[in-house]
Amino acid sequence: MTTMTPVVLNKDSMIIAREQDVVPFRNRVKEHAVRIGMSLLNQTKLITGASELVRNMLKYGKGGIGMIEILSKGRDNGIRLIFADNGPGIPDIQKAMTDGFTTGKSMGLGLPGTKRLMNEFDIKSEVGKGTTITVIKWKNG
Amino acid sequence: MEKIPILKMGQFLLVTIQVDLYDQLAENLEADLVNMVNKTNARGVLIDVSSVSIIDSFMGRILGNIAMMSKIMDADTVVVGMQPAVAITLVELGLPLKGVYTALNVEKGMELLHSKILPTEQNLEEDDDNDARSSE
Amino acid sequence: MKNEAIKIFQKKKSNILEKWMTLQLQDEGLREDLISNEDLRIQSEELLSSFISTLSDANIEHVSIDDFEAVKDILSSISISRAKQGYSPRETGNFVLTLKEALLNTLSEEMKDPEALYKQSMFINKIMDNFAINTFETFIKGREDVIYRQTDEITQISTPVIRVWDGILALPIIGTLDSARTQVVMESLLQEIVETGSNIAILDISGVPAVDSLVAQHLIKTVAATRLMGAECIISGIRPEIAQTVVHLGIDLSQIITKSTLASALKTAFTILKLEVNKKQIVKHH
């Protein structure tokens, strides 16, 4: 099952430019999660994780784009979120993924905490070019 | 400007959060509450989160801030009615909500606050911290 | 259409259906208790029509499976429903294999040139084998669905939350505590706390074979989540060997109330709730 590549059933995206975009984006993610019948707990984890990543993107990347994809793999459905910004990038990803590390005035659990809420987590960053974070939450994951 | 209403109930303040807080609203709440604690000399703050479906680290920080600020002004903070999914998510996220007391509902939160005030005026025998559940 | 085989199939369609039906009905294993002859005929005819109308000069020679989506859909739905009805793999496979026999049989009757017959037979063979594999795949998938559903049910059944006292819940955990299980345990425990307004939850791990650092992490998380809700969580059923491993692994459980037995956990719960259980008519205070 793990070798199967997921099929994208549906796509949606939203530009994240201001703090006021956080709640609408969360609501959009929630709509899609409800539509595929995701359990309340997994919905909550997904939306909380999305909220962390959106805030991260606003704070460090000066905003960007948030994409929502509905996935199908085998007998499971899921949601993939992609956050792409053109910000300064992260020089040391490993350090950023350590619990307690922060450069801003947050609590430093954004990235590692969010990773724990998701089933799959991927981060790519290039200094001076930007950061792309991709996460997947499966309906039954 | 939208505002979250703060109710005064005797020695305590009650806040019921019923909308998804965007950042400015949450920050306003923090400031308003601390001002109200000061103005009313409240001994406790009850924050009802039973209709909140998401608490992320930002919201968590606001709750923690309120608790710490109130504590300095001699008022305890109890977060009541957290939904199971929210509690599990907070734990998974690694957010401890330091200094915040919790209770199942407003009624039990009130009881908890009363028990926090009384022991200092009552005998020490009653003063076991079994009722006082800190979420650390 | 230039292909001879296709022409023959189109011309002899009803003939093939008859042959196929005869072959299917000859099979001793045919489950007449599960499907009536009429239904079988309807299923067979639907599949055969779809198959023949999809065949083309191009796809008969280079089996392009995408062309046969419609045929495969019919086959899939038949084999999934058969898997769920309890057909054996042999019975399910026979459905498509007897069609192959009927098709090849018809070809050999109609085609005179042995070389052409061989060539066309190979094509048909290849296509039908492909269908057969597909049939088995979907058959197994149908069975797997049944297994998954049962697994879900077992997980649900294996986490009973018991109201042992007004305001006290107990949840005995039996078996290994992995992260998926922990999630189910947490969810049902917290949900029950909300519904009953209970102040105390006892998690009894007598039935958990081993506690390693991962299991301990799960326990700590469950306690933390319970406290966030405003209730207390006691872990009971700590056997000596569990205490040993916990200490040897350097796991810190000091923030958690732990008890060796469910009975002593219950006693602690009574103390927290300021309850007292006394023997009747015996006044004995200490």
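In short, a report on the structure. Everything numeric in this text was worked out from a predicted model, so none of it was measured.

### Brief notes about the overall build of chain C
Consideration 1: Broken down by element type, chain C carries 11 helices and 5 strands.
Consideration 2: Here the C-alpha radius of gyration of chain C, 32 Å, is well above what a compact globule of 286 residues would show, namely 19 Å.
Consideration 3: Counting only C-alpha atoms, chain C reaches 105 × 45 × 30 Å along its principal axes.
Consideration 4: Here chain C holds 286 residues, and the buried ones make up 44% of them.
Consideration 5: In chain C, the proportion of contacts linking residues at least 24 apart, taken out of those at least 6 apart, comes to 73%.
Consideration 6: Entry remark: accessible area of chain C is about 15,100 Å², with carbon and sulfur atoms responsible for 55%.

### A short note on the environment of L55 of chain C
All names here are of chain C.
Consideration 1: Looking at where L55 falls in the secondary structure, it is placed in the loop between α3 (37–54) and α4 (57–61).
Consideration 2: Judged by its relative accessible area of 1%, L55 is buried.
Consideration 3: Expressed as a C-alpha distance, the spacing of L55 and N105, which sit 50 residues apart in the sequence, is 18 Å.

### Description of the side chain of D56 of chain B
Consideration 1: Along the chain, D56 of chain B turns up in the loop between β3 (44–48) and α2 (57–72).
Consideration 2: On the basis of relative accessibility, which here comes to 0%, the residue D56 of chain B falls in the buried class.
Consideration 3: A distance of 2.5 Å separates the side chain of D56 of chain B from the side chain of S51 of chain A, its partner in a polar contact.
Consideration 4: In this structure D56 of chain B touches R26, T48, S51, E52 and R55 of chain A together with L93 and L95 of chain B, once residues within four positions along its chain are discounted.

### Considering the packing of aromatic side chains
Consideration 1: Counting across every chain of the model gives 6 aromatic pairs over all chains.
Consideration 2: Judged by centre distance (5.6 Å) and plane angle (65 degrees), the rings of F25 of chain A and F83 of chain A are edge-to-face. Placement of the pair is F25 of chain A in helix α1 (residues 22–35) and F83 of chain A in strand β3 (residues 76–85), with a sequence separation of 58 residues. Comparing F25 of chain A with F83 of chain A, the two get one shared label, buried.
Consideration 3: Through successive ring pairs, a cluster of aromatic residues spans F51, F68 and F131 of chain C.
Consideration 4: Sitting over the ring of Y87 of chain C, R82 of chain C keeps its end group 4.8 Å from the ring centre.

### Some details on the environment of L33 of chain B
Residue and element names in this part refer to chain B.
Consideration 1: Assignment of secondary structure puts L33 in helix α1 (residues 23–40).
Consideration 2: L33 gets classed as buried once you look at its relative accessible area, which sits at 1%.
Consideration 3: As a C-alpha pair, L33 and I66 span 33 residues in sequence and 7.5 Å in three-dimensional space.
Consideration 4: Excluding residues within four positions of it along the chain, L33 makes contact with I6, L13, V15, V45, I47 and I66.

### Side note on the interface of chain B and chain A
Consideration 1: Listed per partner, the contact involves 20 residues of chain B and 22 residues of chain A.
Consideration 2: Together chain B and chain A conceal approximately 2,000 Å² of surface at their shared face, both sides included; 59% is due to carbon and sulfur atoms.
Consideration 3: Put simply, chain B and chain A have 3 salt bridges between them.
Consideration 4: A salt bridge links D56 of chain B to R26 of chain A, with the shortest nitrogen-to-oxygen separation between them at 3.6 Å.
Consideration 5: Elements supplying a minimum of two residues to the side of chain B that touches chain A: α1, α2 and α3 (84–93) of chain B.
Consideration 6: The biggest single contributor to the side of chain B that touches chain A is α3 of chain B, with 6 residues.

### What to know about the pattern of salt bridges
Consideration 1: Summed over all chains, the structure comprises 20 salt bridges over all chains.
Consideration 2: For D12 of chain A, the salt bridge identified is with R28 of chain A, shortest N-O distance 2.9 Å. Of the two residues, D12 of chain A sits in strand β1 (residues 7–16) while R28 of chain A sits in helix α1, which places them 16 residues apart along the sequence.
Consideration 3: One salt bridge connects E18 of chain C with R41 of chain C, and the closest N-O pair in it is separated by 3.1 Å. Within this pair, whereas E18 of chain C is found in helix α2 (residues 13–26), its partner R41 of chain C is found in helix α3, the two being separated by 23 residues in sequence.
Consideration 4: Here the salt bridges share partners, and the residues they tie into one network are R26 and R55 of chain A together with D56 of chain B.

### Looking at the sheet that holds strand β2 (residues 168–174) of chain C
All names here are of chain C.
Consideration 1: Here we have 5 strands laid out as an open sheet, ordered β1-β2-β3-β4-β5, and mixed in their pairing. Single-partner strands in this sheet number two, and they are β1 (162–165) and β5 (257–258).
Consideration 2: Of the pairings in the sheet, the one linking strand β3 (residues 200–207) to strand β4 (residues 232–236) comprises 5 bridges and is parallel in character. The residue of β4 that forms the bridge with I200 is E232.
Consideration 3: Of the strands in this sheet, β1, β2, β3, β4 and β5 are in contact with helix α11 (residues 262–272), which crosses β3 at around 170 degrees.

### A closer look at the interface of chain A and chain C
Consideration 1: In this assembly, 6 residues from chain A lie in contact with 4 residues from chain C.
Consideration 2: When the two sides are added together, the surface that chain A and chain C hide from each other amounts to roughly 470 Å², 47% of it contributed by carbon and sulfur.
Consideration 3: Here chain A and chain C share 0 salt bridges between them.
Consideration 4: Here chain A is connected to chain C by 2 residue pairs in polar contact (both at pLDDT 80 or more).
Consideration 5: Taken together, the residues of the side of chain A that touches chain C sort by class into 2 nonpolar, 2 polar and 2 charged.

Procedures and definitions
Residues numbered from 1 in each chain as written. Chains lettered and ligands numbered in written order. Predicted model: local features only at pLDDT ≥ 70, side-chain atom pairs only at ≥ 80, totals over all residues. Heavy atoms only, no water. Helix = DSSP H or I, 4+ residues; strand = E, 2+ residues; numbered from the N terminus. Rg over C-alpha atoms; globule rule 2.2 N^0.38 Å. Buried < 20%, exposed > 50% of the residue type's maximum accessible area, 1.4 Å probe, protein only. Contact = heavy atoms within 4.5 Å. Areas by Shrake-Rupley, 256 points an atom, 1.4 Å probe, with all protein chains shown as cover. Polar contact = N/O pair within 3.5 Å; in protein donor to acceptor, adjacent residues only side chain to side chain. Phe/Tyr/Trp six-rings, centres within 6.5 Å; stacked < 30°, edge-to-face > 60°. Lys NZ or Arg CZ within 6 Å of the ring centre and 35° of its normal. Buried area = accessible area lost by both parts, 1.4 Å probe. Salt bridge = Lys/Arg side-chain N within 4 Å of Asp/Glu carboxyl O. Pairing = 2+ DSSP bridges. Axes fitted to C-alpha atoms, helices over the stretch in contact; angles between N-to-C directions. Nonpolar A, V, L, I, M, F, W, Y, C, P; charged D, E, K, R; others polar.

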